[in-house]
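These are the residues of each chain, in order.
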Amino acid sequence: MSETSADTTAGQVDVVLMKAGRTKIRYPAEVVADDGTVVTVRAPWAADGVRDFGFVRFEPGDVFTEHYWRDRWYAVKEVRTSTGVLKGWYCDVTRPAVRDGSTLTVEDLDLDLWCSADGRTVLRLDEDEFAESGLAERDPEAASKALSALDELEGLARGGEPLAPASALHDAP
């Protein structure tokens, strides 16, 4: 059975986030679901210590339920405290995800979006990094898809639409 079949929900994967051709971070995650299009995994905050963005803090104990699409140019990460309180959704604009056995790889394209749990705060992030990355010159088609993905995410968030697949939300801690 192929890795894109619906029978690949058990076990763990290593999530590998690439940026500019290098591994930015790699961490183990539990596979929650894989329907052949969307891979949903759950993992604790993978970085060392606290990361305070000003609008949200990611810290040890936080749990991320992450949704990676094989046919979309973004990933959506639902962020909860260790007690299950929803902080919000951190969305990475990426190339479509690739799952190869026990590895799930995505390429970060610098653009991000934050949507708070109450939906009142929706922030486009890192547009300066995206401009400086040179992607628009190196790969104009990918740059266009990345910007369209950010616009799509922002439209969903501002319209009160779910950012993640509803079926996976029922499994949230």
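This text gives an overview of the structure that appears in the document. (Residues numbered from 1 in each chain as written. Predicted model: local features only at pLDDT ≥ 70, side-chain atom pairs only at ≥ 80, totals over all residues. Heavy atoms only, no water.)

### Examining the side chain of Arg 80
The cut-off we apply is this: The helix and strand labels rest on DSSP assignments: H or I over at least four residues marks a helix, E over at least two residues marks a strand, and numbering proceeds from the N terminus. Relative accessibility under 20% of the residue-type maximum defines a buried residue, over 50% an exposed one, and the middle range a partly exposed one, all with a 1.4 Å probe and only protein chains included. Think of a polar contact as two N or O atoms within 3.5 Å of one another; within protein, one of them needs to be a possible hydrogen donor and the other a possible acceptor, and neighboring residues in sequence only count if both atoms come from side chains.
Among the structural elements, Arg 80 can be located in strand β7 (residues 74–80). Its relative accessible area of 16% is what places Arg 80 among the buried residues. A polar side-chain atom of Arg 80 sits 2.7 Å from the main-chain carbonyl oxygen of Gly 84.

### Re the packing of aromatic side chains
In this description, an aromatic ring pair is defined by two values, namely the gap between the centres and the angle between the planes. Condition: Stacked, tilted and edge-to-face are the three classes applied to pairs of Phe, Tyr and Trp rings, where Trp contributes its six-membered ring and a pair requires centres within 6.5 Å; stacked means planes under 30 degrees apart, edge-to-face means over 60, and tilted covers the rest.
On inspection of all chains with the given rule, the structure shows 10 aromatic pairs. When the ring of Trp 45 is compared with that of Phe 58, the centres are 5.3 Å apart and the planes differ by 55°; the resulting orientation is tilted. One end of the pair, Trp 45, is in the loop between β3 (38–44) and β4 (51–52); the other, Phe 58, is in strand β5 (residues 57–58), and 13 residues separate them in sequence. With relative accessibility at 17%, the residue Trp 45 sits in the buried group.

### Considerations on the pattern of salt bridges
Where charged atoms from two side chains of opposite charge approach closely, those side chains can pair. Rule in force here: The term salt bridge refers to a side-chain nitrogen of Lys or Arg lying within 4 Å of a carboxyl oxygen of Asp or Glu.
The tally for this structure, following the rule as stated, stands at 19 salt bridges. A salt bridge links Asp 52 to Arg 57; the shortest N-O distance between them is 3.8 Å. Overall, the relative accessible area of 48% leaves Asp 52 in the partly exposed class. Between Arg 80 and Glu 78 there is a salt bridge; the shortest N-O distance is 2.9 Å.

### Comments concerning the pairing of β7
To keep things clear, this is the line we draw: Pairing between two strands requires that DSSP report at least two bridges joining them.
In terms of burial, β7 is largely enclosed, as seven of its seven residues are buried. Here β7 shows no split at all, with Tyr 74, Val 76, Glu 78 and Arg 80 on one side and Ala 75, Lys 77 and Val 79 on the other all buried. With six bridges connecting them, strand β6 (residues 63–69) and β7 associate as antiparallel partners. Across the sheet, residue Tyr 68 finds its bridge partner in β7, namely Ala 75. As consecutive antiparallel partners, β6 and β7 are separated by four residues. As paired strands, β7 and strand β8 (residues 86–94) are joined by seven bridges and run antiparallel to one another.

No statement about biological role is implied by the geometric values presented.
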